Amino acid sequence: MHTCRRYFSGLLRSAALLTLLSAGALHAAEKRDLIIDTDPGADDVVALLLALASPQELNVLAITTVAGNVRIDKTSRNARLAREWAGREDVPVYAGAGRPLVRSPIYAENIHGKEGLPGVDVHEPAKPLATGNAVQYLVDTLSKAAPHSITIAMLGPQTNLALALVQAPEITQGIKEVVVMGGAHFNGGNITPVAEFNIYADPDAAKVVLASGVKLTYVPLDVTHKILTSDSRIRQLEGLNNQAGKLVSSILNEYVKADMIHYGLPGGPVHDASVIAWLLKPELFSGRSVNLVIDNREGPGFGQTIADWYDTLAQNKNVFWVGNGDAQGFFDLLTQRLGRLK
Ligand code: RIB
Ligand code: CA
């Protein structure tokens, strides 16, 4: 009798789940082929660990690196470190652009440290870079990909993708969507009063990507500054009692100090990992389609992203702008996935 009741209650639960899924009430994240373009960077490493710990949803085809937080040799080393810490040396790392398209290079060693990875010791990872440049990898892969099949997560300056689009505009055929950590509207900037670092570091590249017409989602400071660390959230990560939890809590403890002081915040953002969380659990976030314009003119507005949130100008809505997110939901997801790693 008891077995029979258990059988039927299980049947009812599965039927209920199927009903919710079919009604779209539960956003079961579809499995995606994903390329992560990144400038590790403290929050980039957290994003890479989160992505590499989620193989059911994210088939990470490759990591492509770009100069940004620190120079290309160190962003590429740090990407290889994240891959090693995640136990995912199956994923190739291709080094890309060492400088922006036009403007003079800028870095963020004051935030990410000389090695681009605060709070932890770095070493030379065992596995080397893949041969070939990241830009050529993007051109070759996206040209041959099934139509609109590959998602690209852009966690740094958008130089690599911009160069690939200039070299081979037809690669848009292989792109499902591009999800960008970048920009700021309501929040204001973090490198100038109006500009966010990734855009400010290469606004011309961001304009090339925006003009390409690919499906584009921005995860700006407007939302990342609402998803902040706290003592309890750091303790949550430390409580994993594994290497990944220790690494991420140590990195974040050091990384968020500058933002907490600058903004007078009780915690700091984990910008890039918010992009991966969007891909894994979009229901944690909300936003709207807006018209986005990027200012690349010399002057006080250089690198500014103007998001027409209230549709004042009634222009075409060329990006989905994420404006809000569930902070505790983000940290619960991050903790649960890092718990899968060693
Ligand atoms: O403004 C935050 C962004 O700039 C993040 O991607 C961080 O890693 C830096 O690249
Ligand atoms: Ca980054």
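Up top is the structure these notes are about.
Residues numbered from 1 in each chain as written. Chains lettered and ligands numbered in written order. Predicted model: local features only at pLDDT ≥ 70, side-chain atom pairs only at ≥ 80, totals over all residues. Heavy atoms only, no water.

(A) Structural context of the overall build of the chain. Regarding its fold elements, the chain presents 14 helices and 10 strands. For 342 residues, the compact-globule estimate of 2.2 N^0.38 gives 20 Å, and the C-alpha radius of gyration of the chain, at 20 Å, lies within 12% of that figure. C-alpha atoms of the chain, sized along the principal axes, occupy 75 × 50 × 45 Å. Counting only residues that meet the buried cut, the chain has 54% of its 342 residues in that class. (Helix = DSSP H or I, 4+ residues; strand = E, 2+ residues; numbered from the N terminus. Rg over C-alpha atoms; globule rule 2.2 N^0.38 Å. Buried < 20%, exposed > 50% of the residue type's maximum accessible area, 1.4 Å probe, protein only.)

(B) Highlighting the coordination of the calcium ion (ligand 2). Only Asp39 (OD), Asp44 (OD), Asp44 (OD), Leu155 (O) and Asp272 (OD) from the protein reach the calcium ion (ligand 2) as donors, at distances of 2.2 to 2.6 Å. Each donor residue of the calcium ion (ligand 2) belongs to the same chain, and together they define the spacing D-x4-D-x110-L-x116-D. Taken together, the residues Asp44 in helix 2 (residues 42–52) and Asp272 in helix 13 (residues 271–280) connect sequence positions 228 residues apart. Overall, Asp44 belongs to the buried group, its relative accessible area being 0%. What makes Asp272 buried here is its relative accessible area of 2%. (Donors = N, O, S within 2.8 Å, 3.2 Å for Na, K, Ca; no water.)

(C) Representation of the packing of aromatic side chains within the structure. In total, this model carries eight aromatic pairs according to the counting rule given. In textbook terms, an aromatic cluster arises when at least three aromatic residues are bridged by ring pairs, as seen for Phe186, Trp309 and Tyr310. In this structure, Arg71 is placed above the aromatic ring of Tyr107, and the distance from its NZ or CZ to the ring centre is 4.0 Å. Positioned over the ring face of Tyr200 is Arg103, at 4.9 Å from the centre of the ring. (Phe/Tyr/Trp six-rings, centres within 6.5 Å; stacked < 30°, edge-to-face > 60°. Lys NZ or Arg CZ within 6 Å of the ring centre and 35° of its normal.)

(D) Geometry of the site of ligand 1. Near ligand 1 you find 13 residues, and of these Asp43, Asp44, Asn190, Glu196 and Asp272 are the closest. Here an oxygen atom of ligand 1 and a side-chain polar atom of Asn69 are 3.0 Å apart. Here an oxygen atom of ligand 1 sits 2.6 Å away from a polar atom, N or O, in the side chain of Glu196. For ligand 1, whose accessible area on its own is 280 Å², the fraction buried by protein is 97%. Assessed atom by atom at 2 Å from the grid points, ligand 1 resides in the largest pocket. Broken down by secondary-structure element, the contributors of at least two residues to the shell around ligand 1 are helix 2, helix 7 (197–200) and helix 13. For the shell around ligand 1, the class distribution of residues is three nonpolar, five polar and five charged. (Near = heavy atom within 4 Å. Polar contact = N/O pair within 3.5 Å; in protein donor to acceptor, adjacent residues only side chain to side chain. Areas by Shrake-Rupley, 256 points an atom, 1.4 Å probe, with all protein chains shown as cover. 1 Å grid on protein atoms, 1.4 Å probe; cavity = no way out; pocket = protein on both sides within 12 Å on 5 of 7 lines; lining within 4 Å. Sits in = over half its atoms within 2 Å of the grid points. Nonpolar A, V, L, I, M, F, W, Y, C, P; charged D, E, K, R; others polar.)

Without other data, these values stay purely geometric and don't point to any function.
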